[in-house]
Amino acid sequence: LKDNLAWSSSDLALATIDAAGLATTIVKGVTEPTPVTITVVSGKVSGKSKLTITAPELIKIDVTPAIPFVAAGLGQKFSAEGLRSDDTTEVLSKEIKWSSSDPSVVIIDKDGFAKVIANGLTMPQAVTITAVSGKVNGTAKLTATPPVVTTLLVTPSIPFVAAGKKVQFMAEGTLTDETVQQS
């Protein structure tokens with residue numbers, strides 16, 4: 001039977017069909033269900049079926065940046081780009097749910113902004129950031145690092161000392177996690 005079949009599509013701009021009956025949708029940007037009639041003919045007998053092309057499915061999520069290093073107290077904005085079944089890509093925002101593999105070290109909000117909240121971090125710690133939409137997810141690693149100095153205050157600021165005498169200077173540093181350390 002299969003050698004005597006002739007397949008056709010009612011709209012070749014929407015879908016093609018090969019001699020074996022394999023239909024391929026070729027439209028990009030479909031947002032609403034769009035019907036196409038598939039017809040098969042063998043001699044004087046024919047049959048028809050409706051093929052409805054739906055919006056492309058999300059098949060992959062890429063999360064960027066891939067491997068940032070972020071000091072305690074600081075943050076990093078992540079973004080998610082989706083690849084759809086029609087080979088189109090788009091930045092995903094509203095449909096993404098964000099999560100952190102260790103919320104005691106890194107939290108992430110609904111907009112993809114992650115912040116290192118761990119206090120007393122002395123060694124780098126890797127955390128996985130996940131973006132999920134439906135059944136599809138993508139991940140990136142964030143390495144939380146110990147806090148770094150953002151400002152230094154030196155005291156005394158205007159020392160007066162007699163020649164031949166000594167004066168002790170001190171440094172007070174404010175770190176990215178808002179802690180203060182003194183020398």
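Located above this text is the structure these notes cover.
Residues numbered from 1 in each chain as written. Predicted model: local features only at pLDDT ≥ 70, side-chain atom pairs only at ≥ 80, totals over all residues. Heavy atoms only, no water.

Trainee: Before we move on, can you summarise the sheet that holds strand β1 (residues 6-9) with the specific residues and values?
Mentor: Read from one edge to the other, the open sheet built from three strands follows the order β1-β4-β5, with strand pairing classed as antiparallel. In the strand order of this sheet, the two ends are held by β1 and β5 (45-53), each with one partner. The sheet shows a mean angle of 20 degrees between the axes of neighbouring strands, taken without regard to direction. Both strand β4 (residues 34-42) and β5 contribute to a ladder of nine bridges, which runs antiparallel. (Pairing = 2+ DSSP bridges. Helix = DSSP H or I, 4+ residues; strand = E, 2+ residues; numbered from the N terminus. Axes fitted to C-alpha atoms, helices over the stretch in contact; angles between N-to-C directions.)

Trainee: Give me the lowdown on the pattern of salt bridges, citing residues and values where you can.
Mentor: As enumerated under the stated definition, the model contains four salt bridges in all. Ionic pairing is found between R84 and E90, a salt bridge with its closest N-O pair at 2.6 Å. Look at R84 and you get buried, because its relative accessible area is 13%. In this structure, the salt-bridge partner of D111 is K110, at a minimum N-O distance of 3.6 Å. What makes K110 exposed here is its relative accessible area of 65%. Here the salt bridges share partners, and the residues they tie into one network are R84, E90 and E95. (Salt bridge = Lys/Arg side-chain N within 4 Å of Asp/Glu carboxyl O. Buried < 20%, exposed > 50% of the residue type's maximum accessible area, 1.4 Å probe, protein only.)

Trainee: Any chance you could break down the environment of A72 for me, citing the residues and the numbers?
Mentor: By secondary structure assignment, the location of A72 is in the loop between β7 (69-71) and β8 (75-77). You can call A72 buried: its relative accessible area is 1%. A C-alpha to C-alpha distance of 23 Å links A72 and V154, two positions 82 residues apart in sequence. Leaving out residues up to four positions away in the same chain, A72 has contacts with V116, A118, T145, P146, P147, T176 and D177. (Contact = heavy atoms within 4.5 Å.)

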